[in-house]
Amino acid sequence: MSEEISYEKILEDVECTAVSPGYSTLGDIVPVSLHWNNITVTTIKEKRLLLKNVSGYAKSGELLALMGASGAGKTTLLNMLMCRNLKGLSTEGTITVNGNEMAHKISSISGFAQQEELFVGTLTVKEYLMIQAKLRINGSKKLREDRVTDVLHQLKLWKCRDSKIGVIGEKKGISGGEARRLTFACEMLSNPSLLFADEPTTGLDSFMAESVIQILKGIAKTGRTIICTIHQPSSQLYQMFHRVIYLANGSTAFQGTPQESISFFEKCGHRVPDEYNPSEWIIYKLAVQPGQEKQSNDRIQKIVEQYEDSDHQKRVMEQLSDVSEKIPPPEMHRANVFTQIFALSTRCGIDVWRAPQLTLAKVIQKILFGLFIGLLYLRTPYDARGIHNINGALFFLAGEYIYSTAYAIMFFLNNEFPLVAREYHDGLYNLWTYYFARCISLIPLFSTDGLILLFIVYWLIGLNTSVMQVIVASIITVLASQAASAFGIAMSCIFPTAQMTAVMASPPLVLFRLFGGLYGNTNTFPAAIRWLQWISMYRFAFEGLVVNQWSEIDDFHSNAKNNWTNSTTNDVLDYFAFSESAIPLDIIGLILISLAFYLIGFIALVHRMKKAR
Ligand SMILES: Nc1ncnc2c1ncn2[C@@H]1O[C@H](COP(=O)(O)OP(=O)(O)OP(=O)(O)O)[C@@H](O)[C@H]1O
């Protein structure tokens, strides 16, 4: 007894007590009863039976645990109830919410707190919730702020509201328990009547696990229905659930209160020894032991048959036969596209702003490269050798805009894809609004850093400095960087891992460079592959810079001016097969290449997202 009291005390001390009902903004909810009847799930290919005639219910105000040994079918049943991740499976049976069959619509009236915590680690807890609130809540700024404040209190996150979330293994942030509660906080913003949770205590120590279950119980007290899968809870934790369902080999082995489960298994001849944790013992009895498959399967079969003949099963069937049709809860809010774009670009913007290392690295790299190249080609004269050297420098500039931008951007999606996939499939936003906001957020850094390089080398080398020429060179710099960004984004969307992206992006970049114009007069290349120059951003960027430099010589180098004639310009441009009037076409070419790669990236993202469901 004294042990129990001290335990409660500790829980109080760490602010883990259950929340009381009646929050100011998490107001009225429509109570929900979820019923599932004769659920059978089979794999389509192997015809393997994963769930066999499973039936059950969850009521409003109830915290229900789905339990069983590994491979028993808990996740499959949870997925079935949520109508998610059912690709490759054939399903039978009925699932109703307040007596209404909802199918896929169930995700629009329920919350799902997944086991894996995925956040934007550079944001604080409050900032992250405010952006989630923008996407999930239909109402004024005041309502969103009040709801976030309520949720922060309710989920015991108030103390860490201004702490950065952090990234596991990279940047220290909030604790594991706080991260788990933040997952629930996001779901609670929508004020759902029905909440699913996948193993909410896995990976937490016993106090943290207990705090999470206390909070879930508090949420259930407010009239919500909560269903979670759970792995071997401690004895104290076990008694906190209102009801438990045990699955074994895809069948229901028990359904009732935790106390009833202990007496049921005693009746089955598997009395829980005094010193044992009941759930651990029961799961052990429902597991297939390696090397004792036949014995284990026979034991499980007997328990399942005994359950099917029990009063517990009769009670479940009575509940299922008494399902009356009531109003289902309203569908949750979906923000309009402008709000989505605003919220997502704010989030991406803060993320870029709070991770200045990349910006700094790019700026330093450009300054150092600029000084190096500027000094290497310092005040190059406009004679035969000088022209050759300057053309080499211009090709290097084009290459630096394209290569370094493409490689810096092409891993952007790898880290955030799981979060985007989850939020997209949860219906928080459209894919195109995410893509648009993300591309916009990358433009400032990845399109303008080339200008630093350009402005350093421009006067050091002694390129033509008429205002128009500087403007045109700047436009070509920004557009070449843009085309490279779009290429990098497309690569990132097409290939699922960083290694694959790095390996697969290299050959097209080499090809584009080969057709850039410096390595050979592209008009002399075989006709069958000559067209490749028209998809090479190197070609357009290099041509633009060369034509801009040589088509009009100002009086910067007076001796050059004196010697320079129209025929000199023609000679230089003819050497590369560039036309004096090529600049507008180069600009259009770079814009079209950018648009084409942005489009390819989006199509690849849509395809990848479909597969990720
Ligand atoms: N889409 C699928 N295709 C083929 N087999 C599947 C599929 N989904 C689940 N299974 C199989 O069904 C069985 C039950 O899996 P499920 O994930 O539901 O178990 P679980 O009780 O949640 O286990 P764990 O506690 O280890 O997560 C496993 O043998 C699993 O390999």
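Because the structure is predicted, anything quoted here is derived from the model rather than measured.

What counts, and at which threshold
- Residues numbered from 1 in each chain as written.
- Predicted model: local features only at pLDDT ≥ 70, side-chain atom pairs only at ≥ 80, totals over all residues.
- Heavy atoms only, no water.
- Axes fitted to C-alpha atoms, helices over the stretch in contact; angles between N-to-C directions.
- Helix = DSSP H or I, 4+ residues; strand = E, 2+ residues; numbered from the N terminus.
- Parallel < 35°, antiparallel > 145°, perpendicular 65-115°, else oblique.
- Left-handed = near helix turned anticlockwise from the far one by under 90°.
- Contact = heavy atoms within 4.5 Å.
- Nonpolar A, V, L, I, M, F, W, Y, C, P; charged D, E, K, R; others polar.
- Pairing = 2+ DSSP bridges.
- pLDDT = per-residue confidence, 0-100.
- 1 Å grid on protein atoms, 1.4 Å probe; cavity = no way out; pocket = protein on both sides within 12 Å on 5 of 7 lines; lining within 4 Å.
- Points joined across faces, edges and corners; volume = space filled by probe spheres on them.
- Core = buried A, V, L, I, M, F, W, Y, C linked by side-chain atoms within 4.5 Å.
- Buried < 20%, exposed > 50% of the residue type's maximum accessible area, 1.4 Å probe, protein only.
- Domains from an automatic or database assignment.
- Near = heavy atom within 4 Å.
- Polar contact = N/O pair within 3.5 Å; in protein donor to acceptor, adjacent residues only side chain to side chain.
- UniProt positions renumbered as here; feature names shortened; annotations may be inferred.
- Salt bridge = Lys/Arg side-chain N within 4 Å of Asp/Glu carboxyl O.
- Phe/Tyr/Trp six-rings, centres within 6.5 Å; stacked < 30°, edge-to-face > 60°.
- Lys NZ or Arg CZ within 6 Å of the ring centre and 35° of its normal.

Caption draft 1: Representation of the packing of helix H3 (residues 125–136) against helix H4 (residues 141–154). Relative orientation of the contacting elements H3 and H4 amounts to 130°, with a least axis distance of 10 Å. Here H3 is positioned oblique relative to H4, judged by the angle of their axes. In this structure, H3 meets H4 at a crossing whose hand is right-handed. Every residue of H4 that contacts H3 at Val125, Lys126, Leu129, Met130, Ala133 and Lys134 is listed here: Arg144, Glu145, Val148 and Leu152. Residue classes in the contact of H3 with H4 are distributed as six nonpolar, no polar and four charged.

Caption draft 2: Region of the structure containing the sheet that holds strand S6 (residues 110–113). In space, the six strands of this open sheet follow the order S6-S7-S8-S3-S9-S10, with mixed pairing throughout. Two strands lie at the open edges of the sheet, namely S6 and strand S10 (251–256), each paired on one side alone. Direction aside, neighbouring strands of the sheet carry axes that sit 15° apart on average. Note: strand S3 (residues 63–68) against strand S8 (residues 225–229), four bridges, orientation parallel.

Caption draft 3: The arrangement of the sheet that holds strand S1 (residues 34–43) in detail. Strands sit in the order S2-S1-S4-S5 across an open sheet of four strands; the sheet is antiparallel. Whereas interior strands pair on both sides, the edge strands pair on one side only; in this sheet they are strand S2 (49–58) and strand S5 (100–101). Relative to the sheet, helix H2 (residues 74–82) contacts S1, S2 and strand S4 (89–97), its axis offset from that of S1 by approximately 120°. Taken strand by strand, helix H11 (residues 311–321) contacts S1 and S2, and its axis lies near 70° from that of S2.

Caption draft 4: Representation of the confidence of the model for the protein in the model. Across the protein, pLDDT averages 87, with 94% of residues at or above 70. With pLDDT under 50 throughout, residues 1–24 is counted as low confidence; its partners more than four residues away or in other chains account for 28 contacts. Confidence estimates for the predicted assembly give a pTM of 0.82 and an ipTM of 0.95.

Caption draft 5: Layout of empty space enclosed by the protein. Under the criterion given, the structure shown has two cavities of 30 Å³ or more. Looking at the largest cavity, its volume works out to about 130 Å³. Along the walls of the largest cavity sit 16 residues, with Leu118, Arg136, Cys186, Glu187 and Arg422 positioned nearest its centre. Across the lining of the largest cavity, the residue classes break down as eight nonpolar, three polar and five charged. Along the walls of the second largest cavity sit Leu394, Leu397, Leu454, Tyr458, Leu463, Ala473, Leu545, Asn548 and Gln549, which together make up its complete lining. Here the lining of the second largest cavity takes three residues from helix H20 (residues 537–550), the largest share from any one element. Considering only residue class, the lining of the second largest cavity consists of seven nonpolar, two polar and no charged.

Caption draft 6: Summary view of the packing of helix H14 (residues 384–409) against helix H17 (residues 467–494). Remark: H14 packs on H17, axes separated minimally by 8 Å, with the N-to-C direction vectors making an angle of 35°. Viewed along their axes, H14 and H17 form a crossing whose handedness is right-handed. Contact residues: H14 offers Tyr401, Ile402, Thr405, Ala406 and Ile409, while H17 offers Thr477, Ala480, Ser481, Ala484, Ser485, Phe487, Gly488 and Ile489. Looking at the contact of H14 with H17 residue by residue, the classes come out as eight nonpolar, five polar and no charged.

Caption draft 7: Region of the structure containing the nonpolar core. Core analysis: the biggest nonpolar cluster contains 149 residues, and Leu182, Tyr246 and Phe487 have the highest contact counts within it. Residue contributions to this core reach at least three from each of two domains, namely domain 1 (33–109 + 197–321) and domain 2 (337–611). What leucine 182 contacts, discounting residues up to four positions off in sequence, is Phe119, Val125, Tyr128, Leu129, Leu157, Ile165 and Ile174. Ranked by size, the runner-up nonpolar core spans 30 residues in total, among them Cys83, Met102, Phe112 and Ile245.

Caption draft 8: The site of the ligand, seen in detail. Neighbouring residues of the ligand: 13 residues in total, closest Arg48, Ser70, Gly71, Thr75 and Thr76. Contact between the ligand and glycine 73: an oxygen atom at 3.0 Å from a main-chain N or O atom of the residue. Its residues assigned to classes, the shell around the ligand comprises four nonpolar, seven polar and two charged.

Caption draft 9: Structural detail: the UniProt feature "transmembrane region" (unreviewed entry) in the protein. Under the UniProt annotation, the feature "transmembrane region" (unreviewed entry) is placed at residues 358–378, 390–413, 433–461, 470–498 and 587–606. Annotated as 90% helix and 0% strand, the span residues 358–378 places its first and last C-alpha atoms 29 Å apart. Secondary structure across residues 587–606 comprises 100% helix and 0% strand; the distance between its end C-alpha atoms is 29 Å.

Caption draft 10: Structural view of the side chain of arginine 243. Residue placement: arginine 243 occurs in strand S9 (residues 243–248). Engagement of the side chain of arginine 243 in a polar contact is seen with the backbone oxygen of tyrosine 57, the distance being 2.3 Å. Looking at arginine 243, its side chain comes within polar contact range of the side chain of glutamine 255, at 3.4 Å. Sequence-distant contacts of arginine 243, that is, excluding residues within four places in its chain, are made with Tyr57, Ala58, Glu62, Leu63, Leu64, Ala65, Gln255, Gly256, Thr257 and Pro258.

Caption draft 11: Inspection of the pattern of salt bridges at higher detail. Applying the stated criterion to the full structure yields 18 salt bridges. Of the charged contacts, one joins glutamate 260 and arginine 315 as a salt bridge, the two residues approaching to 3.3 Å between their closest N and O atoms. With glutamate 260 in helix H8 (residues 258–267) and arginine 315 in helix H11, this pair connects stretches of sequence that are 55 residues apart. A salt bridge links aspartate 274 to arginine 271, with the nearest nitrogen and oxygen atoms 3.7 Å apart. By relative accessible area, aspartate 274 is classed as exposed at 66%. Each member of the salt-bridge network shares a partner with another, and the members are Lys362, Lys366, Glu400 and Asp449.

Caption draft 12: Up close: the packing of aromatic side chains. Counted according to the given criterion, the structure contains 26 aromatic pairs. When the ring of phenylalanine 395 is compared with that of tyrosine 519, the centres are 5.5 Å apart and the planes differ by 70°; the resulting orientation is edge-to-face. Taken together, the residues span a long stretch of sequence, with phenylalanine 395 in helix H14 and tyrosine 519 in the loop between helix H18 (498–514) and helix H19 (527–530) at a distance of 124 residues. Given a relative accessible area of 48%, tyrosine 519 falls into the partly exposed group. Ring centres of phenylalanine 487 and phenylalanine 512 lie 5.8 Å apart, and the angle between their planes is 75°; on these two criteria the pair is classed as edge-to-face. With a gap of 25 residues between them, phenylalanine 487 in helix H17 and phenylalanine 512 in helix H18 connect regions that are remote in the sequence. Under the relative-accessibility criterion, phenylalanine 512 is labelled buried at 7%. Through a chain of ring-to-ring contacts, the aromatic side chains of Phe395, Tyr519, Tyr538, Phe542, Tyr575, Phe576 and Phe578 assemble into a single cluster. The ring of phenylalanine 417 has arginine 608 sitting right over it, with the charged end atom 4.2 Å from the ring centre.

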